[in-house]
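An overview of the molecular structure
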Amino acid sequence: LAFLFVSCSSSVRVIVEETKSDLPKQQNISYKNFHDSFEHLDTLFAVNSEQKGQQFMQNALKCMIRGSYDEAEAILKEQKELFNNDTLKSFSFKLLSSIYAIESRWDEASNLLHENGGTDAEDIYKVYAEFPTEKTIWNKESDTAKLRYSKGNPIIEVELNGKKYKFIFDTGADMSVVSSDVAKECGLKLKAGFKNVLKNANDGSVGFYSSVADTLKIASTAFYNHPVFVINEKDLKFKFLFFTVLKIDGIIGWNLIKQIRVVLDFKNEQLILTKPEKKSNFERNLFWVGYPYLKCLSDGNVVLNMGFDTGADMSAFTLAIFDKISPRKLDECYRKVYSVAGETEYKGVVMPELKLLLADKIITFNNIYSVPERIFKKFIIDGVIGGDVLENTVTEIDFINGTFRIYIIK
């Protein structure tokens, strides 16, 4: 759960424009080996025909990127014997655990972790498996909630067990979060004696309890038995120069966002959500492999897999991007990352300009900063599309169909 505030003197400037030509054909990247290509989520690497395990692993990844999790799971299980080295076993574990997590299959996720040595998450999944199954009730075809943009983050109004609160709409948070004071007011039941440790963006740790929100509403759309983390209210206060700049009641995380089709309209200060309907023949640019990614193209037509994190107030890049592009100029910069229960300062670099093609829009970032790769999980990430891109636009997010669209407000 990362909230990024820049500490350098200048700030990122974002320009969103219409494309003026047909979408270009993407250029392939030459990787040294299969391992490097897979870590970059590249599915075009030419695998040796004799390497059947690599071929099937690559096919499983292709299935996940196009949202066919059942096909990916079938490949990973049916061809298990071909994954006979540590690299392939590791990739199989990463993909399977991502499938179980995105589909909220808590029992299977716990068993998978247990079979692979176990982690703290194993016990967390066991807890959620014991809770009642989550259920969503759509009372309207289209629902509208209040939305505002504050401190670089989209804030929406929600109703939790009959009481109204302000939550950050955060695609970069795996799970929804409720502040401990809010949980107490709403009578959320914490798993007795079960306090977990959550890693934050600064390599620190945050204590939290597992719970479920009995009834969480966005407008009239109701989410029953929605899994949440309950975090101490002190850890959800973000400070700058000893002053609290943002105190949040909670976070709407990816485990809820994945279920809805949503439009964020900042001009009219409204969030519109509808029940998604599975469609075919869509050009997918939004996918999830342990983290939500947006498929972009650089100005050299190279695919860049950018994380999608509306909880980050500024977009950023990681140094891994230089495996794919060559910047004209870089300057050093000291920057702070503010996260749940902590902050850290690190030495990074700033790129004067980065152009990306995302869907049918050209996004130009002036003075965009680097962010540590360690913040992210599972696979290599080229950067982050943050809340600054969404400001002054109408943005559509439809994970079921793998689509992300930006509409320019005129």
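Sequence order sets the numbering: in each chain, residues are counted from 1 along the sequence as written. Reporting of local features is limited, given that this is a predicted model, to residues whose pLDDT is at least 70; pairs of side-chain atoms are given and counted only at 80 or more, and all residues count toward the totals for whole chains, interfaces and linings. Working from all heavy atoms in the structure, the side-chain values ignore hydrogens and water.

1. Observations regarding the overall build of the protein
The test is simple: Think of it this way: any DSSP run of H or I at least four residues long counts as a helix, any run of E at least two long counts as a strand, and we number them from the N terminus. When accessible area is computed with a 1.4 Å probe and restricted to protein chains, residues below 20% of their type maximum are described as buried, those above 50% as exposed, and intermediate ones as partly exposed. To be clear on the numbers: accessible area is Shrake-Rupley with a 1.4 Å probe, and residue cover counts the displayed protein chains and nothing else.
Assigned secondary structure in the protein consists of nine helices and 25 strands. Considering the protein as a whole, with its 410 residues, one finds that 55% of them fall into the buried category. Split by element, the accessible area of the protein, about 18,700 Å² in all, is 46% carbon and sulfur.

2. A look at the environment of K347
Among the secondary structure elements, K347 is positioned in strand β21 (residues 342-358). Once the C-alpha coordinates of K347 and V371 are considered, the two residues, 24 residues apart in sequence, prove to be 9.3 Å apart.

3. Side note on helix α3 (residues 69-78)
The cut-off we apply is this: In this description, one arc is meant: the one made by directions from the helix axis to the C-beta atoms. Whether two residues are in contact is decided by their heavy atoms: any pair within 4.5 Å suffices.
When α3 is considered as a whole, its buried residues turn out to be Y69, A72, E73, I75 and L76. The buried residues of α3 occupy an angular sector of 160° when the element is viewed end-on, so they sit on one face. Set apart from the buried face of α3 by more than 90 degrees, the exposed residues are D70 and E78. Of the surrounding elements, those touching the buried residues of α3 are α2 (52-65), α4 (86-102), α5 (106-115) and β16 (286-288).

4. Some remarks on the nonpolar core
Taken as a class, soluble globular proteins show a tendency for nonpolar side chains to be buried jointly. Keep this limit in mind: Think of a nonpolar core as a cluster: buried Ala, Val, Leu, Ile, Met, Phe, Trp, Tyr and Cys residues, connected wherever their side-chain atoms sit within 4.5 Å.
Within the largest apolar cluster, 108 residues are counted, with the highest numbers of intra-cluster contacts made by L95 and L160. At seven residues, the largest contribution of residues to this core is made by α4. With residues up to four places along the chain from it excluded, the contact list for L95 reads F38, M57, A60, L61, M64, L76, V289 and F379.

5. Some words on the side chain of N285
Along the polypeptide, N285 turns up in the loop between β15 (270-274) and β16. Relative accessible area serves as the criterion here: at 6%, N285 is assigned to the buried category. Once residues within four sequence positions are removed from consideration, N285 is found in contact with Y293, L294, K295, L358, A359, G402, T403, F404 and R405.

6. Side note on the packing of aromatic side chains
What describes a pair of aromatic rings is the distance from one ring centre to the other and the angle between the planes of the rings. For clarity, the cut-off: The pairing test for Phe, Tyr and Trp rings, Trp by its six-membered ring, is centres within 6.5 Å, and the orientation test on the planes gives stacked under 30 degrees, edge-to-face over 60, and tilted for anything in between. By definition here, charges over rings are those cases where NZ of Lys or CZ of Arg is within 6 Å of the ring centre and within 35 degrees of the ring normal.
Inspection of the entire model under this criterion finds 16 aromatic pairs. The interplanar angle of 40° and the centroid separation of 6.5 Å between the aromatic rings of Y128 and F229 together place this pair among those described as tilted. Note that Y128 is positioned in helix α6 (residues 120-130) and F229 in strand β10 (residues 221-231), a separation of 101 residues in sequence. On the basis of relative accessible area, Y128 is assigned to the buried category, the value being 3%. Linked through ring pairs, W106, Y125, Y128, F131, F208 and F229 together constitute an aromatic cluster. Between K94 and the ring centre of F379, over which it is positioned, the NZ or CZ distance is 4.9 Å. Over the face of the ring belonging to Y224 we find K135, whose NZ or CZ atom lies 6.0 Å from the ring centre.

7. Observations regarding α4
We apply this condition: To estimate how far a helix should extend, the number of its residues minus one is multiplied by 1.5 Å. For this analysis, a polar contact is any N or O atom pair within 3.5 Å, provided that within protein one partner can donate a hydrogen and the other can accept it, and provided that sequence-adjacent residues contribute only side-chain to side-chain pairs.
In a regular helix each residue adds 1.5 Å, so 17 residues correspond to 24 Å; α4 covers 24 Å between its end C-alpha atoms and thus fits that length. Among the residues of α4, L88, F91, S92, K94, L95, L96, S97, S98, I99, Y100 and I102 are the ones counted as buried. Those residues of α4 that are buried lie in contact with α1 (34-39), α2, α3, α5, α8 (254-257) and β16. Capping the start of α4 is the job of one residue whose side-chain oxygen sits 3.1 Å from the backbone nitrogen of T87: N85.

8. Some thoughts on unusual backbone geometry
The phi dihedral of L41 is positive, around 60°, even though this residue is not glycine. Along the polypeptide, L41 turns up in the loop between α1 and α2. For N392, which is not a glycine, the phi torsion comes out positive at approximately 65°. Along the chain, N392 falls in the loop between α9 (387-390) and β24 (393-398). For N392, a relative accessible area of 57% corresponds to the exposed category.

9. Side note on the environment of D42
Along the chain, D42 falls in the loop between α1 and α2. Here D42 is in contact with Y31, S37 and Q58, once residues within four sequence places are set aside. Reaching out from D42, the side chain makes a polar contact with the backbone nitrogen of L44 at a distance of 2.8 Å.

10. A word on the side chain of N401
One can find N401 in the loop between β24 and β25 (403-408). At 2.6 Å, the side chain of N401 forms a polar contact with the backbone nitrogen of K279. A polar contact is formed between the side chain of N401 and the side chain of D398, at a distance of 2.9 Å.

11. A look at the pattern of salt bridges
Where we set the bar: For this document, the term salt bridge refers to a Lys or Arg side-chain nitrogen within 4 Å of an Asp or Glu carboxyl oxygen.
Using the criterion set out here, one finds 14 salt bridges in the structure. Note that K166 and E157 form a salt bridge whose closest N and O atoms lie 3.8 Å from each other. By relative accessible area, K166 is classed as partly exposed at 36%. Three or more residues joined by partner-sharing salt bridges are found here, namely E73, K77, E103, R105 and E108.

12. Describing the packing of α2 against α4
Stated formally: Axis definition: a line fitted to C-alpha atoms, over the contacting stretch in the case of helices. Angles run 0 to 180 degrees between N-to-C directions. Relative orientations are named as follows: roughly parallel for angles under 35 degrees, roughly antiparallel for angles over 145 degrees, roughly perpendicular for angles from 65 to 115 degrees, and oblique for any other angle. Crossings are assigned a handedness: left-handed for a near helix turned anticlockwise from the far helix by less than a right angle, right-handed for a clockwise turn. Here the term charged refers only to Asp, Glu, Lys and Arg, the term nonpolar to Ala, Val, Leu, Ile, Met, Phe, Trp, Tyr, Cys and Pro, and the term polar to all other amino acids, Gly among them.
For the pair α2 and α4, the least separation of the axes is 11 Å and the interaxial angle reads 20°. Classified by the angle between their axes, α2 and α4 sit roughly parallel to one another. The crossing of α2 and α4 is left-handed. From α2, G53, Q54, M57, A60, L61 and M64 reach across to α4, where they touch L88, F91, S92, L95, S98 and I99. Its residues placed into classes, the contact of α2 with α4 shows eight nonpolar, four polar and no charged.

13. Overview of the packing of α2 against α3
One way to put it is that α2 packs onto α3 with a least axis distance of 7 Å and a crossing angle of 165°. When the axes of α2 and α3 are compared, the pair comes out roughly antiparallel. Where α2 crosses over α3, the two elements pack in a sense that is left-handed. In this structure, α2 uses F56, M57, N59, A60, C63 and M64 to contact α3, whose residues at the interface are Y69, E71, A72, I75 and L76.

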